[in-house]
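Report on the structure
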Amino acid sequence: MMSRLVKKSPSLCTDLPLDTTDICNKLNLLRQLLRSCFGPTARLKQVHNNIGGHVVTTSSSSVLLPAISSSQPFINLIKTSILNHVSRFSDFGLFAAIFCLALIEQTKQSGLRGNVAIRVNKHLLALCSSYLQGEDCGCKVKLDFCSSHNLITLARSIISSKPACVLTEPETLHISKLTVQAFLLTVPCSSPGTVSLGKVVTVTVEGYSVLNSAVFPGLLVDMPDGLCLNKVNYLSNPLQMVLFSSSLAGDLSELGDGMIEVHPSVDTESQILDQLLELGKQVVADEVKLFVCQKVVHPVLQQYLRSHGIIVVERVGITVMEPLIQLTGAHPVATLHAKIPPKAYGKVQGLSMRQFGSKTMLHLQPLGESAICTMVLCHRNETMLSELKVVCQKTEHVLRLTLREPSALFGGGCTETHLAAYVRHKNKNEVPETASVLGCSQTEYLLGVEVFCRSLESVARALQHDGGYSLIDLTHAHHWTLPADVMEEHMEDSFGLCGCGLVESSPSKKWTYIDTKYAEFSPAPLVKDCPIQPRVLDSFIAKLSALQVATETANLALDVRYIIQDVS
Amino acid sequence: MLGSTIINHRQHVGLQKLSALAGILHSCLGPNKKYKFIQDDGHGESALACSCFRIIESLELTCAVGQLIHETIRAHQKVYHTGSGCLLFLAGAWSRAALDCLHRGISVAHIISAMSEGMDICMDVCRKSAISTEGLGVTPLKRDTATSHRLEVQLSEERITNASQASCRLERSTKVDHKTLNISEQRKIKLSRHFCETRSDPPPRQPQLPDIVHIAEALSHGCDDAMKLVVEAVQMLSKMNQQDVSHSMFDITKVVTCVLPGLPEQHACVVPGCVVLLSAEQAAVALHLQEQHLKVALINGDFSDTYRHLGFKRLKDVQRVSDRLDLSSLSREDEWVEKVVRLLLNLEVKLILISGLASEKVIQHCCTHHILVVEKVKASVLKTFANSTGATPVTYATQLTKRYVGSGAEVKIWRDLGSRGSKSATAVNISAGMSGGLVTVVLTSCIHGKLQALEDQFWACAYRLHHALEDRALLLGAGRTEMLCIHHLQKQVEYHRERNRDCVQQTTTATAANHYRGVVLQLMAEGLIDYISTVMVNTGKFSKVTARTVVSQQLQSYNGHLGVAAELSQLFLEDEKEDSAVFSEMKPGEARAAEIYDNLSVKQEAWRKALDVVLLVLQTDAEVITGVGHKSDAAQENVLLL
């Protein structure tokens, strides 16, 4: 071994990183980038490698953030914590990122001491959390599972917030209904005891109209060479099936690295093939009718099995394995060197072929009730289809979260403005006490409250992208928008409904622009049992978590004193 | 070192790029295409291309918009094989429209919703003006013959129009003037079976294929020679398959092309069977096998000892350790070849079709045993052979047993092309007997660089006919569908304008949006006008200005005579005669021998995809470039590093 020739260069240490312009500029750039992706009228981003690689057009944080890599640890810190939130709750990644970055930026601009800001933020976060979780929360609705209406509204709010899907109104509605239907299919009806939810498997078909998308109970797996299976349709008795998770390609891929020494006369390949055929014989003897493998099946084994009337499905992929196990009750076989135990076999009720555009798929119907379903998503081109897939999976996850907490928050920025108004009002009378508890001056505390509330409101404002105005009404503190070209005198006529669609404009209402100072007031709760349903709903759990993640990440960033970078 | 780069779009560079890209290909639009040389300065190579798809393919675009266009066109081409030029042109034209809207201060949201509305209008026009292919072929299009039958036709027409007009009135929405659609409705009736029955004239030229010939002619779009080959292929296929001729009978998977350089273009022809080029050595084997019924084996993949099926992972570090030196034994490859050839001889296989490649050694060995090995066979050909000979494709030759071998294949020397340069080649015809047979279209040209374009043209024509039969409907060609769309878009503009005037007092956002709507729809219509006039310019008979004047004149006179339903089509026919066939490439003296039609699904899909691209690019305000080295790109303008 040669020793290193390059001397290790000394580490780079940055003191008070948030005070350097370079880092501030980069954080600001990131905020602008993500802010422009927020909401239904967002601007899209093209992600590509500039050397002719695939182009992804997106506005989803779950696609965009992984593509962003930076030499700046601050950016990576924020990115990682947002992505972590997204992986757990799917929704509100952009919300969390924008709020977090706004909080950092506004705190810096306000000149507030870092440790004071951190304490104030913590206090206000606790205040917000307890308000949102409390019974008297004025920006929350209970979800009623007796009707699918609110669920569809929730789904629709998420789907319509991603313009890169390029959906028309009827298409959006169709997809929203499908995701709700798929979600409902994953909830088992009649299993006593602990309920475990099923799974939605998403299959995409390019070049087909969105309205052709559909949901099927059971599982659809790709059959690239559908021609071998013409006689499958009539099978409807319970069929024995086997599921392999190991590769049956006939190679020695499981051996791992290292040198292997073999005698020249030994033919490893034919030995493995013999083993495979041995396996095939057992399968035939055990009257298996469906043979599924996660990976590749050797053509010779396939030929052998087919010649015995067995349907072979190979390369189903890891994502389908779990649903397959749930659907069939099979235990995946991970080796080809032992006999298949009888209890490893699974059962399916019936099989049929389904054709979707260019795709031929085998439809596996479960024996008895199963909470597995397949969602076939169609769209005209690849870019829009991949975004649609991301959005639908996210929606399904959010719908699932409603089972944990059957509530939803007002969407369209109304929760943010409402929360800001609540925080301002709540703190009016308690400034001296809270300031002394937090160990800061009253001015500092009030400044901190203002920073927090403005950051919240800036997220609501981020929904505007065409130079329009964001306003707040002075009764319910909901969020209202005005297009850029509306004349001052016609303002009142231009308000239709607030962001979430619950409050209607009326001559008695007063509005003020967000970002102007207004006399604090207690946001009036809406009349209970009012017949109007909100048009835009946000996931309760996801938003609450996003709020927490954003505040805590911002606090951590504000707390950083040094950055030490190994530059060698 | 990885970094992300963000490019700020001022002035919407993306839309400008899109429009510029489309601009390159203006001369590729319509029946009169011009060839382009694409040169690689680095390597001194060049390519000759004339279709939009080929040009985009050889341009190797690396920018995001270019890549997006490339992906869209590739996806379109894969399914439709035609219409890419239209797609790209409209993407360019509508991106200019969108840019114009942005300059006028219309918000992105308004542009999107208005353009989507415009697309809905156009799709609706296409759907409603589509003509059924049923009975299309029997219409006399020369007007002089038609006149004598007018009376009878009108009689039968009367009944049907009454009924259908009543029903179509039901569908009418109030805002769009549907009267114009009556042309197509009447046309549909005029071309209906009723008319066919009243005619006692001599039967059509091709009794068993009445409409296909006609439809094909109408869809040739200037590629008359290629379309002739398509028709021949269709006729040959249907004759071979002994099926009664009905519509969706053009199985395009049964057609193969074989390009022969060095022969003049007139030598192009259609041959039953599958013609392939073979080396002299293999041709000798073929000669030996002529006039025999051969046993055939089909192999999916390569035919060599080192080939393994997809997904097989080879072991990297294998050392063969032996306790004694063995010099006498054969190499592994030799052993494999011997084994395979012995197996083939046992099974009496004389012909092997392989989708991949075969190793030199195995070809030689097979040759000495008079076994013909054909490489690079298309999957569809393999499938046809499997169906008609009873053979089953296998991955490895060693898998072959009696039940996987088919029989009844034939081999015939089709033409000896003599030696070209160093290699000599012989065209050999392989067929699977008469049942379920294949048809080869042999394309020839003296100019090697043109062969690709000829092949593309042939496939474009073949797919046009295929889609027409699949859709069972056609659109009026020669720009008439576009004219109808323009007309309806402008109607809608008018409608919005009037509504704005009515409620001028209330300046609500709704009317503001409506005002924008009119502007956007007008700009969209202008894109279509641009399309028509560009096609006209490409005929070489018009300047840009006269083309636009002609189009706007026609639109105006069309608007003026809304009462007369048939006016538009008449106008067009008249006009085409006068201006010596505006859109179609006709030989002089042959004013108009045939109607021109377009494909319904292809056009709809191309338009929709064009708008999709425009809307995606319009909404994009930044590019995130992954994996940028700080040194390489940081110097670039407009690039911000995160």
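Just so you know, these numbers come straight off a predicted model, no measurement behind them. By convention here, each chain's residues receive numbers from 1 onward along its written sequence. Each chain gets a letter, beginning with A, and each ligand a number, beginning with 1, in the order they are written. The model is predicted, so local features are restricted to residues of pLDDT at least 70 and side-chain atom pairs to those at 80 or more, both for listing and for counting; the totals for chains, interfaces and linings are taken over all residues.

Regarding the overall build of chain B
Formally: Counting from the N terminus, the helices are the DSSP runs of H or I reaching at least four residues and the strands are the DSSP runs of E reaching at least two. Any two residues are considered in contact once their C-beta atoms, placed from the backbone, lie within 7 Å.
Within chain B one finds 22 helices and 18 strands. Long-range pairs, those at least 24 residues apart, make up 77% of the contacts in chain B with a sequence separation of at least 6.

Looking at the overall build of chain A
So the rule is basically this: Counts of 20 or more other C-beta atoms within 10 Å of a residue's own C-beta define buried residues, counts of 12 or fewer define exposed ones, and intermediate counts define partly exposed ones; C-beta atoms are placed from the backbone.
Scanning chain A from terminus to terminus reveals 16 helices and 21 strands. Dimensions of chain A, computed from C-alpha atoms along their principal axes, come out at roughly 85 × 75 × 50 Å. Taken over 568 residues, chain A has a buried fraction of 47%. Look at the contacts in chain A between residues 6 or more apart in sequence, and 76% of them connect residues 24 or more apart.

Quick word on the packing of helix α11 (residues 224-241) of chain B against helix α16 (residues 451-471) of chain B
Residue and element names in this part refer to chain B. Test applied: In this analysis an axis means a line fitted to C-alpha atoms, helices contributing only their contacting stretch, and an angle means the value between N-to-C directions, from 0 to 180 degrees. Note on terminology: angles under 35 degrees are roughly parallel, angles over 145 are roughly antiparallel, angles of 65 to 115 are roughly perpendicular, and the others are oblique. Crossings are classed by handedness, with left-handed meaning an anticlockwise turn of the near helix from the far one by less than a right angle and right-handed meaning a clockwise turn. Charged residues are taken to be Asp, Glu, Lys and Arg, nonpolar residues to be Ala, Val, Leu, Ile, Met, Phe, Trp, Tyr, Cys and Pro, and polar residues to be all remaining types, Gly included.
The N-to-C vectors of α11 and α16 enclose an angle of 55°; their axes lie 8 Å apart at closest approach. Between α11 and α16, the angle is such that the two are oblique. Here α11 and α16 pass one another in a crossing that is right-handed. Residues A226, M227, L229 and V230 of α11 touch α16, and the partners they reach there are Q457, F458, C461, A462 and L465. Residue classes in the contact of α11 with α16 are distributed as eight nonpolar, one polar and no charged.

Quick notes on the sheet that holds strand β14 (residues 439-445) of chain B
Residues and elements named next belong to chain B. Applied cut-off: The pairing criterion for strands is at least two bridges between them, as found by DSSP.
Overall, mixed pairing links the three strands, which are arranged β5-β14-β6 in an open sheet. Lying at the two open borders of the sheet, with one neighbouring strand each, are β5 (255-261) and β6 (269-272). Averaged over all neighbouring strand pairs, the angle between strand axes comes to 30°, with direction disregarded. Sheet analysis places β5 next to β14, joined by seven bridges and oriented parallel. Looking at the pairing, P261 lines up with S445 of β14. The strands touched by α16 are β5 and β14; relative to β14, the strand with the most contacts, the crossing angle is about 140°.

Some remarks on the domain arrangement of chain A
Stated formally: Delimitation of the domains relies on an automatic or database domain assignment.
In terms of domains, chain A is made up of domain 1 (12-139 + 410-565) and domain 2 (219-254 + 266-369). Of note, the centres of domain 1 of chain A and domain 2 of chain A, computed from C-alpha atoms alone, are 51 Å apart.

Things to note about the interface of chain B and chain A
Each side of the interface is counted separately: chain B has 54 residues, and chain A has 62 residues. For the side of chain B that touches chain A, the elements supplying multiple residues, two or more each, are α3 (64-80), α5 (108-129), β9 (318-320), α18 (509-538), α21 (600-619) and β17 (620-625) of chain B. Looking at the side of chain B that touches chain A element by element, the count peaks at seven residues for α3 of chain B. When the residues that make up the side of chain B that touches chain A are grouped by side-chain class, the tally is 24 nonpolar, 20 polar and ten charged. For strand β9 (residues 260-262) of chain A and β9 of chain B, the ladder comprises three bridges, and the chain directions are parallel. Note that in β9 of chain B the partner of I260 of chain A across the bridge is V318 of chain B.

Details of the pairing of strand β10 (residues 290-293) of chain A
The two faces of a sheet get side chains in turn, since along a regular strand they alternate between them. All names here are of chain A. Under the convention used in this document: Whether a crossover is right-handed comes down to one check: with the strands pointing away from the viewer, does the path from the first strand over the helix to the second run clockwise; if it does, it is right-handed.
Covered by surrounding structure in β10 are L290 and V292 together with F291 and C293, the residues of both alternating faces. As judged from the four bridges shared by strand β8 (residues 239-244) and β10, these two strands associate in the parallel manner. Bridging across to β10, L243 finds its partner in V292. Bridge count for β10 against strand β11 (residues 311-313) is three bridges, and the pairing is parallel. Looking across to β11, one finds that V292 is bridged to V313. In terms of handedness, the path from β10 via helix α9 (residues 299-307) over to β11 forms a crossover that is right-handed.

With respect to the sheet that holds strand β4 (residues 140-142) of chain A
All names here are of chain A. Taking strand neighbours across the sheet as the criterion, the three strands line up as β4-β16-β20 in an open arrangement whose pairing is antiparallel. Looking at the sheet topology across the chains shown, the edges are occupied by β4 and β20 (537-539). Taking the axes of each pair of neighbouring strands and ignoring which way they run, one obtains an average angle of 40° across the sheet. Summarising the sheet, β4 and strand β16 (residues 407-410) pair through three bridges and their orientation is antiparallel. Directly across from V141, in β16, lies its bridge partner A408.

Thoughts on the packing of helix α7 (residues 169-185) of chain A against helix α11 (residues 382-401) of chain A
All names here are of chain A. Interaxial distance between α7 and α11 falls to 9 Å at its minimum, and their mutual angle equals 50°. By the angle between their axes, α7 is oblique relative to α11. Along this stretch, α7 crosses α11, giving a crossing that reads as right-handed. The residues of α11 that touch α7, namely those facing I175, T179, V180, A182 and F183, are C392, T395, E396, L399 and R400. Taken together, the residues of the contact of α7 with α11 sort by class into six nonpolar, two polar and two charged.

As for the nonpolar core
We apply this condition: We call a set of buried Ala, Val, Leu, Ile, Met, Phe, Trp, Tyr and Cys residues a nonpolar core when their C-beta atoms link them within 7 Å.
If you look at the biggest cluster of nonpolar residues, it comprises 332 residues, and the most contacted ones within it are I98 of chain A together with V230, V296, I352 and V520 of chain B. It is α18 of chain B that contributes the most residues to this core, 14 residues altogether. When residues no more than four places from it in sequence are discounted, the contact partners of V296 of chain B are V349, L351, L353, F385, T389, A391, V405, G406 and A409 of chain B.

Some points on helix α4 (residues 93-110) of chain A
Residues and elements named next belong to chain A. Filter applied, for reference: To estimate the expected span of a helix, subtract one from its residue number and multiply by 1.5 Å.
Taking 1.5 Å per residue as the helical rise, α4 with its 18 residues ought to reach 26 Å, and the 26 Å between its terminal C-alpha atoms agrees with that figure. Along α4, 14 of the 18 residues are buried, which leaves the element largely enclosed by surrounding structure. G111 sits one or two positions beyond α4 and adopts a positive phi of about 75°.

Looking at unusual backbone geometry
All names here are of chain A. Positioned with a positive phi, R315 is a non-glycine residue whose angle comes to about 55°. Tracing the sequence through the fold places R315 in the loop between β11 and α10 (318-328). Residue classification places R315 among the partly exposed positions, given that 17 C-beta atoms sit within 10 Å.

As for the environment of A542 of chain A
All names here are of chain A. Looking at the secondary structure, you find A542 in helix α16 (residues 540-559). Measuring from C-alpha to C-alpha, the distance between A542 and D91 comes to 6.0 Å, with 451 residues separating the pair along the chain. Those residues within four positions of A542 in sequence are excluded, and the remaining contacts are F89, S90, D91, F92, V398 and L401.

Observations concerning α9 of chain A
Residue and element names in this part refer to chain A. Three or more residues of α9 are buried, namely P299, L301, Q302, Y304 and L305. The inward-facing, buried residues of α9 abut α8 (268-285), β10 and β11. Positive backbone phi, at 75°, marks G309, one or two positions downstream of α9.

Section: the pairing of strand β3 (residues 45-49) of chain B
Inspection of the sheet shows strand β2 (residues 36-40) of chain B paired to β3 of chain B by five bridges, in the antiparallel sense. Paired with Q39 of chain B across the bridge in β3 of chain B is S46 of chain B.

With respect to the environment of L558 of chain A
Residues and elements named next belong to chain A. By the secondary structure assignment, L558 is in helix α16. Taking the number of C-beta atoms within 10 Å as the measure of exposure, L558 has 20 and is therefore buried. Contact partners of L558, with chain neighbours within four places excluded, come to I104, T107, G114, A117 and I118.

Topic: the confidence of the model for chain B
All names here are of chain B. Definition in use: For every residue, the pLDDT score states the predictor's confidence, bounded by 0 at the bottom and 100 at the top.
The pLDDT averaged across chain B works out to 73; a share of 73% of its residues lies at or above 70. Segment residues 138-210: pLDDT under 50, and 70 contacts once partners within four positions in sequence are set aside and those in other chains are kept. Across residues 560-593, confidence stays below pLDDT 50; counting only partners more than four residues off in sequence or on other chains, it has 49 contacts.

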